[in-house]
Amino acid sequence: MTKLTNNQKKFLRSKGHSLKLVVMMGQHGLSEGVLAELKSSLEVHELLKIKIRGDDKEHKQTIINEIVEITKSHLVQVIGNVMVIYRAFDKDPQIILPRK
């Protein structure tokens, strides 16, 4: 998995701005149900907006890192309790990233 360049992240942030929340994580954190929803959503969407509940910044960062690692995706942006992740489709990607 190659790293995204700043220009590619900027491009994805602009696309992610208009997205609706696809996955909402409740008070139980990263449960099996949430993981299943993430995996099924990433089969349909390349770019996901996820809302994470929680006040503890360290715990929230741990959850963000786990989501990125488990889904093998790229973290595009985190604003407050909302994160945007990107994982290109293996075949026929819908989002064509800029080269630089």
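Every value quoted in this text rests on a predicted model; they were computed, and no experiment measured them. (Residues numbered from 1 in each chain as written. Predicted model: local features only at pLDDT ≥ 70, side-chain atom pairs only at ≥ 80, totals over all residues. Heavy atoms only, no water.)

J.: Even after reading the chapter, I still don't get the sheet that holds strand β4 (residues 82–86), so can you show me in this structure?
T.: Each strand in a sheet pairs with another by means of backbone hydrogen bonds, the pair being arranged parallel or else antiparallel. On the basis of which strands lie adjacent, the open sheet formed by four strands has the order β1-β2-β4-β3 and mixed pairing. The open sheet terminates on both sides in strands that have one partner only, identified here as β1 (23–25) and β3 (74–79). On average, each strand axis in the sheet is inclined to that of its neighbour by 20°, with strand direction left out of account. Strand contacts of helix α1 (residues 6–16): β2 (47–52), β3 and β4, with the helix running at about 55° to β3, the strand carrying the most contacts. (Pairing = 2+ DSSP bridges. Helix = DSSP H or I, 4+ residues; strand = E, 2+ residues; numbered from the N terminus. Axes fitted to C-alpha atoms, helices over the stretch in contact; angles between N-to-C directions. Contact = heavy atoms within 4.5 Å.)

J.: What is the right way to look at the nonpolar core in this model?
T.: One broad trend across soluble globular proteins is that nonpolar side chains are buried collectively. With 16 residues, the main nonpolar core has L38, I50, I52, I67, M83 and I85 as its most contacted residues. Sequence-distant contacts of L38, that is, excluding residues within four places in its chain, are made with V23, L30, L48, I50, I67 and T71. Among the nonpolar cores identified, the runner-up in size contains seven residues, and L4, L12, V76 and I95 belong to it. (Core = buried A, V, L, I, M, F, W, Y, C linked by side-chain atoms within 4.5 Å. Buried < 20%, exposed > 50% of the residue type's maximum accessible area, 1.4 Å probe, protein only.)

J.: Teacher, can you tell me more about the packing of helix α2 (residues 32–44) against helix α3 (residues 57–71) here?
T.: For any two helices packed against each other, one specifies the inter-axial angle together with the distance between the axes. Two numbers describe how α2 lies on α3: the axes approach to 11 Å, and their chain directions differ by 50°. The angle between α2 and α3 places the two elements in the oblique class. You can see that α2 and α3 cross each other, and the crossing is right-handed. Between α2 and α3, the residues in contact are L35, L38, K39 and L42 and I67, I70 and T71, respectively. For the contact of α2 with α3, the per-class residue count stands at five nonpolar, one polar and one charged. (Parallel < 35°, antiparallel > 145°, perpendicular 65-115°, else oblique. Left-handed = near helix turned anticlockwise from the far one by under 90°. Nonpolar A, V, L, I, M, F, W, Y, C, P; charged D, E, K, R; others polar.)

J.: Is there a simple way to think about the pairing of β4 in this case?
T.: Along any regular strand the residues' side chains alternate between the sheet's two faces. Within β4, four of the five residues are buried, which leaves the element mostly enclosed by the surrounding structure. In the sheet, β2 pairs with β4 via five bridges, with the strands oriented antiparallel. Paired with L47 across the two strands is Y86, which belongs to β4. With antiparallel pairing between neighbouring strands as the criterion, β3 and β4 make up a hairpin whose turn holds two residues, including G80 at a positive phi of roughly 60°.

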